[in-house]
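Coordinate analysis (summary)
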Amino acid sequence: MPGKRARRHFSQSSEFERGLIIGMKTAGWSTRRVAGQVDRSECAVRNCWEQWTREGTQTRKTGSGATRKTTRREDRAATLVDSTATRSTIRADVAIVPQTISRHLAEANLKSKRPFRALPLRTVGMNEVHCKMCNSGLDMQVLKGKSGLAITFVLKCFACPYRVELFSSNFHEGTQIATINTRFVYAMRSIGKGAEDSIQNAAKEAICENEGNKNIAVAVDGTWQKRGYTSLNGVVTVTSIDTGKVIDVDILSKYCACKNLPFHEKDCKRNYVGSSGAMEIQGAPTIFQRSLSLHYARYITYLGDGDCKAFDAVKKKNIYGNEYPIEKLECIDHVMKRMGIKSSIERANLARR
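Remember, it's a predicted structure, so these values are computed and weren't measured experimentally.

Rules used throughout
Residues numbered from 1 in each chain as written. Predicted model: local features only at pLDDT ≥ 70, side-chain atom pairs only at ≥ 80, totals over all residues. Heavy atoms only, no water. Helix = DSSP H or I, 4+ residues; strand = E, 2+ residues; numbered from the N terminus. Buried < 20%, exposed > 50% of the residue type's maximum accessible area, 1.4 Å probe, protein only. Contact = heavy atoms within 4.5 Å. Axes fitted to C-alpha atoms, helices over the stretch in contact; angles between N-to-C directions. Parallel < 35°, antiparallel > 145°, perpendicular 65-115°, else oblique. Left-handed = near helix turned anticlockwise from the far one by under 90°. Nonpolar A, V, L, I, M, F, W, Y, C, P; charged D, E, K, R; others polar. Phe/Tyr/Trp six-rings, centres within 6.5 Å; stacked < 30°, edge-to-face > 60°. Lys NZ or Arg CZ within 6 Å of the ring centre and 35° of its normal. pLDDT = per-residue confidence, 0-100. Pairing = 2+ DSSP bridges. Core = buried A, V, L, I, M, F, W, Y, C linked by side-chain atoms within 4.5 Å. Salt bridge = Lys/Arg side-chain N within 4 Å of Asp/Glu carboxyl O. Disulfide = S-S within 2.5 Å. Expected span 1.5 Å × (residues − 1). Polar contact = N/O pair within 3.5 Å; in protein donor to acceptor, adjacent residues only side chain to side chain.

Here we come to the side chain of Q37. Structurally, Q37 can be placed in helix α3 (residues 31-38). You can call Q37 buried: its relative accessible area is 14%. Contact partners of Q37, with chain neighbours within four places excluded, come to M24, W29, H172, T179 and R183.

Here's what the structure looks like:
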């Protein structure tokens, strides 16, 4: 009998999982990595991605999947039974398995036909869960840390020092980034929700913090999918100095999945050609040029990381005219870092002499 993980590979992928697959493949993830992330077979991931690149949709076709084993009359009967009836009662009436009953209830957006009792977590910890060392009750606390949607459950014994922490989400290997946050972001991007409204609200908040003045100060920085100058994807962000919230982003990608190169398909995600290190130089002026049309604001103060190339590209455009020149601020931490590196080099050169 196959285990739980093996059985999952034979079930149909939900729309949410298909959206995750499209988002991760668009970001340049390998098929094997995506399959491990969503707990699906590589074949299922490959088929979903090929359908997206070929048809522009991830929705399953009507009639696909396993053949229905019940008639429409039996389907209606499973959902029209009295709400207090259990699944065993429904099964006796319509002669179908409990799994099919649960699926029909979910499709009809109905609650479970099997009554259950909801217990508070703290009550469960005190009465149902016992300490491994002294068999006493456990006190449960829920901690909300800095891991986004992930939370921590702490179990403490009432009688001894026993303590254990449980996390509601796994973390990416070698990092403190919860996988639930990554999945949530990919899901929102796949359905086109969340980002635009959040950015608009952040920009309005920045203007309010600046006492209604639409000439605001921002910090500009770039990040890449991986270190070095071989990354296929990069992001340039503009953050309000007053609020610390992101008010605009520009995503640049060299990744192309088109099959008939050098001809690109209409929905090709590639929007940048050149060195990965120069993505920030192209993305910063793009963000500044749309500040008035997007937020009705001007970014007249530019806080950088010590690299003047992106600022020079912005200043060269003279975006706001001579009336609103853009001022450059330097990050003290980056200046100290560069000075420390140069002083170390000078000391090493003097030591060789």
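Within the chain, E211 stands out as a residue other than glycine whose phi angle is a positive 60 degrees. Mapped onto the elements, E211 comes out in the loop between α10 (195-209) and β4 (215-224). Positive phi values are uncommon outside glycine, yet N318 reaches one of about 50 degrees. Its location among the elements puts N318 in the loop between α13 (308-317) and β8 (327-330).

With that out of the way, let us pick up the packing of α3 against helix α4 (residues 42-55). As a packed pair, α3 and α4 sit with axes 9 Å apart at the nearest point and diverge in direction by 110 degrees. Classified by the angle their axes make, α3 and α4 are roughly perpendicular. Here α3 runs over α4; the crossing is right-handed. Packed against α3, whose contacting residues are T31, R32, V34, A35 and V38, the element α4 presents E42, V45 and R46 at the interface. Here the contact of α3 with α4 is built from residues that sort into four nonpolar, one polar and three charged.

Our next topic: the packing of aromatic side chains. Two aromatic rings, taken as a pair, are described by how far apart their centres are and by the angle between their planes. Considering all chains together, one arrives at four aromatic pairs under this definition. The ring of W29 has R33 lying over it, and the distance from NZ or CZ to the ring centre is 3.7 Å. The ring of F311 carries K328 above its face, with NZ or CZ at 5.9 Å from the centroid.

A separate point is the confidence of the model for the protein chain. When pLDDT is averaged along the protein chain, the result is 75; 70% of the residues meet or exceed 70. The model gives residues 1-10 a pLDDT under 50, and that stretch makes 10 contacts with residues more than four places away or in other chains. Here residues 112-117 scores under 50 on pLDDT; set against residues more than four positions off or in separate chains, the count is 14 contacts.

The strand order β6-β5-β4-β7-β8 describes an open sheet built from five strands, whose pairing is mixed. Looking along the sheet, the strands with just one partner apiece sit at the ends: β6 (246-253) and β8. Strand-to-strand twist of the sheet, defined as the mean angle between neighbouring strand axes without regard to direction, takes the value 30 degrees.

Where strand β5 (residues 233-240) lies against β6, seven bridges are found, and the strand directions are antiparallel. Looking at the pairing, V238 lines up with D248 of β6. Remark: five residues form the turn of the hairpin made by β5 and β6, two consecutive strands paired antiparallel; G244 in that turn has positive phi of roughly 75 degrees.

Right, let's get into the nonpolar core. With 24 residues, the main nonpolar core has I216, V218, V220, I247, F288, Y299 and Y302 as its most contacted residues. For this core, the secondary-structure elements that each account for two or more residues are α10, β4, β5, β6, α11 (279-289), β7 (298-304) and α13. Counting 14 residues, the second-largest nonpolar core is a separate cluster that includes A27, V34, A35 and Y186.

Looking now at the pattern of salt bridges. For the structure shown, the criterion picks out six salt bridges. With its nearest N and O atoms 3.9 Å apart, the salt bridge here joins R46 to E42. A residue pair is termed a helical-turn pair when its members lie 3 or 4 positions apart in one helix, as R46 and E42 do in helix α4 at four residues. Look at the salt bridges and you will find they share partners, linking R32, E42 and R46 into a network.

Counting across every chain of the model gives zero disulfides. The thiol of C256 is not disulfide-bonded; the next cysteine sulfur, from C258, is found 3.5 Å away.

The next thing to look at is α4. One turn of an α-helix holds 3.6 residues; hence residues three or four places apart share an orientation. For α4, with 14 residues, the first-to-last C-alpha span of 20 Å sits near the 20 Å given by 1.5 Å per residue. In this structure, the buried residues of α4 make contact with α2 (15-26) and α3.

Moving on to the pairing of strand β3 (residues 163-167). With five bridges joining them, strand β2 (residues 152-157) and β3 adopt antiparallel strand pairing. Note that in β3 the partner of V154 across the bridge is E165. The antiparallel pairing of β2 with β3 creates a hairpin that spans five residues between the two strands.

We now examine the side chain of T31. By secondary structure assignment, the location of T31 is in helix α3. A polar side-chain atom of T31 sits 3.1 Å from a polar atom in the side chain of K25. For T31, the residues in contact, after removing those within four places along its chain, are K25, E42, V45 and R46.

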